[in-house]
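Okay, here's what each chain looks like letter by letter:
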Amino acid sequence: MVCGRGHVVGFHLRYNKANKTAREIFTEKHEELVKNGSEWLSNTSNSCSVVAALIATVAFVMSATVPEGINEGKGMPTLEHTAAFIVFSISLPIAICFTVNSKFPNHVSGHSHLKAPREGFWK
């Protein structure tokens, strides 16, 4: 159970001469590091989003084409019963699902109510 300034009941926190706990000192000293880390994470996320969009585009285009074409007489894929075609036909929907989920994770998985804290790690 937490009370007051974030104290856990049953533990005795120590304070320095400025009446600050180790957690408060740590948070103050690492504020710049948190800002830099947030900026780095945002840049990395943007780069990954571009890659996910490219993969989704390729997967979508590939899902509309059949390798080696269609057998005109039967109307079925030429490589229908080969292992490569089976792997191809299974991996395409998986690739599309993963890239769409990575591009819009909160909307697809239904967890849009989960938000990262905007202020400090412990608040």
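Everything below is about the structure shown above.
Let us look at the structure shown here. (Residues numbered from 1 in each chain as written. Predicted model: local features only at pLDDT ≥ 70, side-chain atom pairs only at ≥ 80, totals over all residues. Heavy atoms only, no water.)

Notes on the overall build of the protein
And step 1. From N to C terminus, the protein includes four helices and four strands.
And step 2. For the protein, the sequential pattern of α-helices and β-strands runs β-β-α-α-β-β-α-α.
And step 3. Here the protein, with 123 residues, has 7% of them falling under the buried criterion.
And step 4. Considering only intrachain contacts with a sequence separation of at least 6, the fraction spanning at least 24 residues in the protein is 30%. (Helix = DSSP H or I, 4+ residues; strand = E, 2+ residues; numbered from the N terminus. Buried < 20%, exposed > 50% of the residue type's maximum accessible area, 1.4 Å probe, protein only. Contact = heavy atoms within 4.5 Å.)

Section: the packing of aromatic side chains
And step 1. In this structure the tally under the stated criterion is one aromatic pair.
And step 2. Between the aromatic rings of Phe-85 and Phe-88, the centroid separation amounts to 6.3 Å while the plane-to-plane angle is 35°, which identifies the pairing as tilted. Residue Phe-85 and its partner Phe-88 are located together in helix H3 (residues 83-103), separated by three residues, close to a single helical turn. We note that Phe-85, like Phe-88, is buried. (Phe/Tyr/Trp six-rings, centres within 6.5 Å; stacked < 30°, edge-to-face > 60°.)

Brief notes about the pattern of salt bridges
And step 1. Evaluation of the coordinates by the stated rule reveals one salt bridge.
And step 2. With a closest N to O distance of 3.0 Å, Lys-20 and Glu-28 form a salt bridge.
And step 3. The partly exposed category is assigned to Lys-20, whose relative accessible area is 27%.
And step 4. Taking the relative accessible area as the measure of exposure, Glu-28 reaches 45% and is therefore partly exposed. (Salt bridge = Lys/Arg side-chain N within 4 Å of Asp/Glu carboxyl O.)

Side note on unusual backbone geometry
And step 1. Even without glycine at this site, Asn-19 takes up a positive phi of about 60°.
And step 2. Looking at the element boundaries, Asn-19 is found in the loop between strand S2 (7-8) and helix H1 (22-29).
And step 3. The partly exposed category is assigned to Asn-19, whose relative accessible area is 46%.

With respect to a nonpolar patch on the surface
And step 1. On the surface, Ile-86, Ile-90, Ile-94 and Phe-98 cluster together into a nonpolar patch covering about 410 Å² of accessible area.
And step 2. Within the element layout of this structure, Phe-98 appears in helix H3.
And step 3. Given a relative accessible area of 60%, Phe-98 falls into the exposed group. (Patch = residues over 30% accessible without salt bridge, like charges linked within 9 Å, V, L, I, M, F, W, Y side chains within 5 Å. Areas by Shrake-Rupley, 256 points an atom, 1.4 Å probe, with all protein chains shown as cover.)

Side note on the side chain of Thr-21
And step 1. Relative to the helices and strands, Thr-21 resides in the loop between S2 and H1.
And step 2. Residue classification places Thr-21 among the buried positions, given a relative accessible area of 7%.

The analysis is restricted to geometry; functional conclusions fall outside its scope.
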